[in-house]
Amino acid sequence: MANALLFLLFLTLASSIIFEIVHACNQSERSSLLSFARSLSSPQLNWTSADCCSWEGITCDLQGRSWITHLQLPSKRLKLKQGIFPSSSLGNLTHLTHLNLSHNSLYGSLDQTQLFLSLNYLQVIDLSYNLLFGVLPSSLPYSHIQTVDFSSNRLHGVIPSSFFQLARNLTSFNVSNNTFSGPIPSSICLPSSSLRHLDFSFNDFNGSIPRGLGKCSKLQVFLAGHNYLSGSLPEDIYNATTVEEISLPLNSLNGAISDGIAKLINLTTLDLSYNQLSGMLPLHLGKLSKLKHILLDFNYLEGSLPLSLMNCTKLVELRMGANDLGGNISMFDFSKLSRLSKLDLRMNNFFGVLPRSLYSCKFLKAIRVSYNNLEVQIQPEIVSLRSLSFLSLGGNKRLTNISEAMKRLTGCKRLVVLSLASSFVGEELPTDLGKADFDGFQNLRILDFSSCNLTGQLPLWLSKLRKLEYLELSHNRITGSIPSWIGSLPRLYSIIMDFNLLSGKIPKELLMLPMLVSEQAAAQVDRTASDLPIFHSSVDNARPLQYNFLYYAPYISLKSNNLHGNIPSEIGQSKLLKTLYLSNNNFSGNIPEQIANLKDMQFLDLSMNQLSGNIPASVTSLHFLSKFNVSYNNLEGPIPSSTQLQSFDASAFEGNLKLCGDPLPNKCKRTKGTDEPDMNNTDADMKEQQFPWFYVSAALGFIIGFWGVFGPLVFLKKWRYAYYYFLDNVHNRFMVMIARSMARVKGRFIRS
């Protein structure tokens with residue numbers, strides 16, 4: 001019995017040894033892996049055991065000769081020592097089928113033909129999210145390849161049309177987020193193409209979308225947004241009836257959307273936003289019964305929405321904003337769109353009464369129908385939309401009774417964004433909302449009542465909005481002072497109240513908002529994605545800024561009011577503030593030195609006030625300033641010298657008569673510093689204190705010299721006779737000398 005046990009143990013050990021010998025990895029490939037590991041600077045791979053098939057990220061073919069088939073090291077923070085991609089060492093892994101080095105920091109040129117030529121069995125290559133650069137080779141030289149992902153690198157150049165010639169089994173190709181240029185290759189879809197996923201988005205591709213996509217009989221996803229594509233949609237794209245998503249936003253596509261789109265019966269997402277499409281919407285758009293997302297905003301589409309659209313009962317998102325669409329909106333029965341979550345029809349020409357059937361869409365999160373010609377009232381049924389977080393109804397007709405509207409909206413407990421701009425014209429801001437223990441709008445983060453011409457003072461109920469971050473009350477007729485309780489709002493960091501009738505001083509509490517003072521508080525901002533993009537006018541009145549997240553830059557604008565007094569020194573505590581507009585008020589005193597603490601400041605406008613004194617030299621430390629204006633004040637002295645301030649136009653300083661220096665034309669006079677004694681003044685003082693000894697001595701010298709000579713002649717007779725005798729004697733000698741000279745000259749003349 002004991003011998004039998006020993007024999008079994010021997011067989012077990014022997015079989016395990018034989019198994020390890022048979023399945024140990026190929027030694028030449030092991031050397032190639034170690035060469036690859038040595039090219040890495042960090043982190044070090046724990047590849048030390050004899051059998052490389054057991055190493056992290058390595059898989060071998062245990063059925064054959066233990067060739068390495070998988071090298072998968074995603075998200076390992078890998079970096080290369082010398083910035084050279086190890087194509088030679090990886091190229092020796094000739095039986096590799098899966099190569100995944102994505103989400104690392106690998107740096108080097110991908111233009112390495114050795115890598116592509118050697119890996120003949122490669123099926124999946126994923127090098128996405130690295131730092132690779134260079135151009136792609138002329139073709140993929142192996143027919144086994146199925147997935148290619150080079151996205152989010154620094155690759156450039158033109159993708160050759162021959163790149164796909166041999167890739168008959170290719171199913172997914174992703175080169176998004178690089179800098180590729182030129183046209184999208186025209187020969188992508190081969191007759192036997194298996195392509196399902198194409199992603200060319202976020203590059204610099206130009207030209208028209210190539211014909212031939214209709215040959216991709218299995219294509220499901222085509223993405224090419226954020227490029228420079230132009231021309232119209234090729235008609236044959238509608239032959240790709242298996243396609244489920246077409247996303248081409250932010251290009252320059254033009255022309256109409258053809259009725260042929262009705263063939264794409266499997267389409268779920270159509271995103272052609274931010275293009276130049278025109279014409280009317282396809283009449284039979286409603287045949288696309290699987291559509292979930294339609295994004296056609298920011299085009300030049302016209303006409304009315306096709307009634308067939310209500311047949312798209314699976315629709316979740318409908319965005320048609322910023323077009324030239326119109327028609328009677330009340331004709332649509334939104335109750336058929338029971339799954340609708342987002343509706344955006346802003347900036348069109350729709351008219352009629354906003355239908356109550358919209359309130360039957362119980363999953364609605366976002367409604368934006370602002371700036372149309374709609375007749376809008378906030379109905380009591382709005383509280384039934386329990387998921388509603390985004391509501392924008394402004395710029396329409398007959399939106400009145402702000403008090404009642406706000407009372408009803410307090411029932412929308414999840415409301416995050418509320419924009420009722422250009423509404424309730426001329427009404428008074430409600431002082432209360434009918435509840436002593438007000439608890440509404442507890443999730444509200446953005447509130448916009450701009451351009452309503454509202455009257456009254458800032459109501460106390462605003463102080464109860466503990467999550468409020470952005471308050472927009474510009475272009476109204478709000479009076480009174482800015483209350484100090486505004487500084488108690490813990491999340492507030494953007495306040496826009498320009499073009500009102502506000503008076504009094506700026507409360508220091510406003511400049512000590514936690515979100516402007518504390519980086520720790522600012523770091524806690526919930527930057528969740530907005531249900532709809534938010535648009536905000538840019539500083540230079542160019543294209544509106546688009547925010548896809550619920551976050552603005554810290555901003556205070558109080559321009560064009562009646563505010564007065566000094567700018568509080570507490571401004572220096574708002575160190576996270578990026579924009580400050582205080583122009584066209586009655587502020588006086590000096591510009592506080594503490595303003596130099598605002599190191600992130602980008603836009604600073606203090607123009608058209610009564611500020612005096614010098615521009616603080618510390619302003620030169622605001623290195624991020626892109627706009628600066630102190631014109632039309634009473635400032636004086638030299639403009640501090642810095643590359644930053646001198647880069648602004650002279651108009652930013654004009655209207656200050658005593659201000660001098662670049663970039664103003666009037667130069668400053670050379671003056672000594674206040675710490676040095678003024679020698680000119682010192683000399684003047686000394687001259688005033690000195691006795692005029694020079695003039696006294698000159699007068700005395702003249703008097704003594706004159707009377708020293710002529711005094712004796714006047715008062716002593718003997719001296720006078722002697723002096724006259726001397727003069728006669730001198731005269732006689734002089735005359736004799738002249739007579740002799742004349743006689744000599746005359747004798748010489750006669751002899752000659």
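Remarks on the overall build of the protein chain
- Regarding its fold elements, the protein chain presents ten helices and 45 strands.
- The buried share of the protein chain, taken over its 752 residues, is 48%.
- The long-range fraction of contacts in the protein chain, counting pairs at least 24 apart against all pairs at least 6 apart in sequence, stands at 58%.

Thoughts on the state of the cysteines
- Tallied over the entire structure, the rule returns four disulfides.
- One disulfide bridge connects C53 with C60, the sulfur atoms lying 2.0 Å from each other. The sign of the S-S torsion, about -95°, decides the handedness of the disulfide formed by C53 and C60: left-handed. For the pair shown, C53 and C60 are each scored as buried.
- Between the sulfur atoms of C660 and its disulfide mate C668 the distance is 1.9 Å.

Regarding the sheet that holds strand β38 (residues 562-566)
- Read from one edge to the other, the open sheet built from six strands follows the order β34-β38-β40-β42-β44-β45, with strand pairing classed as parallel. At either end of the open sheet lies a strand with only one pairing partner, and these are β34 (503-504) and β45 (658-660).

Points about the sheet that holds strand β28 (residues 373-375)
- An order of β6-β8-β10-β12-β14-β16-β18-β20-β22-β24-β26-β28 is seen for the twelve strands of this open sheet, with the pairing classed as parallel. At either margin of the open sheet sits one strand with a lone partner, and together these are β6 (107-109) and β28. Geometrically, the sheet is characterised by an average inter-axis angle of 15° between neighbouring strands, direction not taken into account.
- Direction of pairing for strand β18 (residues 252-255) relative to strand β20 (residues 276-280): parallel, over a ladder of two bridges. Within the sheet, the bridge partner assigned to N254 lies in β20 and is Q276.

Here's the deal with the packing of aromatic side chains
- Tallied over the entire structure, the rule returns 14 aromatic pairs.
- Where Y274 meets F298, the ring centres are 4.5 Å apart and the plane angle is 10°; that geometry is what we call stacked. Of this pair, Y274 sits in the loop between β19 (269-271) and β20 while F298 sits in the loop between β21 (293-295) and β22 (300-304), and the two are 24 residues apart along the sequence.
- Classification of Y274 by relative accessible area gives buried; the value is 9%.

Quick notes on the pairing of strand β12 (residues 179-182)
- Judged by which residues are buried, β12 turns out to be one-sided: F180 and G182 face inward and are buried, whereas T179 and S181, on the alternate face, are not.
- Bridge analysis of strand β10 (residues 154-158) against β12 gives three bridges, and the strand direction is parallel. Looking at β12, one finds that H156 is bridged to T179.
- Sheet analysis places β12 next to strand β14 (residues 204-208), joined by two bridges and oriented parallel. In the sheet register, S181 faces β14, and the bridge partner there is D204.

Overview of the environment of Q276
- Its place among the elements puts Q276 in strand β20.
- By relative accessible area, Q276 is classed as partly exposed at 38%.
- Separated by 23 residues in the primary sequence, Q276 and N299 place their C-alpha atoms 5.0 Å from one another.
- When residues no more than four places from it in sequence are discounted, the contact partners of Q276 are S252, L253, N254, G255, N299 and Y300.

Quick look at the confidence of the model for the protein chain
- Within the protein chain, residue pLDDT values average 85, and 83% of them lie at 70 or more.
- In the predicted structure, residues 1-22 sits below a pLDDT of 50 and forms one contact with residues beyond four places in sequence or in another chain.
- Scored below 50 in pLDDT, residues 673-690 shows zero contacts in the model against residues more than four places distant or in partner chains.

Description of the pattern of salt bridges
- In total, this model carries eight salt bridges according to the counting rule given.
- Salt-bridge contacts for E317 lead to R319; the nearest nitrogen and oxygen are separated by 3.4 Å.
- For R368, the salt bridge identified is with D344, shortest N-O distance 2.8 Å. Note that R368 is positioned in strand β27 (residues 366-368) and D344 in strand β25 (residues 342-344), a separation of 24 residues in sequence.
- Relative accessible area serves as the criterion here: at 1%, D344 is assigned to the buried category.
- Each member of the salt-bridge network shares a partner with another, and the members are D297, E317 and R319.

Observations regarding empty space enclosed by the protein
- Under the counting rule described, the total for this entry stands at three cavities of 30 Å³ or more.
- Along the wall of the largest cavity there are ten residues; nearest its centre are A167, R168, I188, L190 and S193.
- A breakdown of the residues in the lining of the largest cavity according to their chemical character gives six nonpolar, three polar and one charged.
- Considered as a void within the structure, the second largest cavity measures approximately 40 Å³ in volume.
- Around the second largest cavity, the lining residues are L233, I237, Y238, I246, I261, L264, L270 and L272.
- Residues that form the lining of the second largest cavity fall into these classes: eight nonpolar, no polar and no charged.

Description of the pairing of β18
- Alignment of strand β16 (residues 228-231) against β18, held across two bridges, turns out to be parallel. Pairing of S230 across the sheet is with S252, part of β18.

A closer look at helix α5 (residues 402-409)
- Residues of α5 that are buried: I402, A405, M406 and L409. The buried side chains of α5 occupy one side of the element, clustering within an arc of 95° when seen end-on.
- On the buried face of α5, the contacting elements are β29 (390-392) and β30 (417-419).

Remarks on unusual backbone geometry
- The omega torsion across D662 and P663 is 10°, close enough to zero to call that bond cis.
- As for its position among the elements, P663 is in the loop between β45 and α8 (679-689).
- At L250, a position not held by glycine, the phi torsion is positive, near 55°.
- Among the secondary structure elements, L250 is positioned in the loop between β17 (245-247) and β18.
- You can call L250 partly exposed: its relative accessible area is 29%.
- With a phi close to 55°, Y632 is a non-glycine residue in the positive phi region.

The rules behind the values
Residues numbered from 1 in each chain as written. Predicted model: local features only at pLDDT ≥ 70, side-chain atom pairs only at ≥ 80, totals over all residues. Heavy atoms only, no water. Helix = DSSP H or I, 4+ residues; strand = E, 2+ residues; numbered from the N terminus. Buried < 20%, exposed > 50% of the residue type's maximum accessible area, 1.4 Å probe, protein only. Contact = heavy atoms within 4.5 Å. Disulfide = S-S within 2.5 Å. Pairing = 2+ DSSP bridges. Axes fitted to C-alpha atoms, helices over the stretch in contact; angles between N-to-C directions. Phe/Tyr/Trp six-rings, centres within 6.5 Å; stacked < 30°, edge-to-face > 60°. pLDDT = per-residue confidence, 0-100. Salt bridge = Lys/Arg side-chain N within 4 Å of Asp/Glu carboxyl O. 1 Å grid on protein atoms, 1.4 Å probe; cavity = no way out; pocket = protein on both sides within 12 Å on 5 of 7 lines; lining within 4 Å. Points joined across faces, edges and corners; volume = space filled by probe spheres on them. Nonpolar A, V, L, I, M, F, W, Y, C, P; charged D, E, K, R; others polar. Arc of directions from axis to C-beta.

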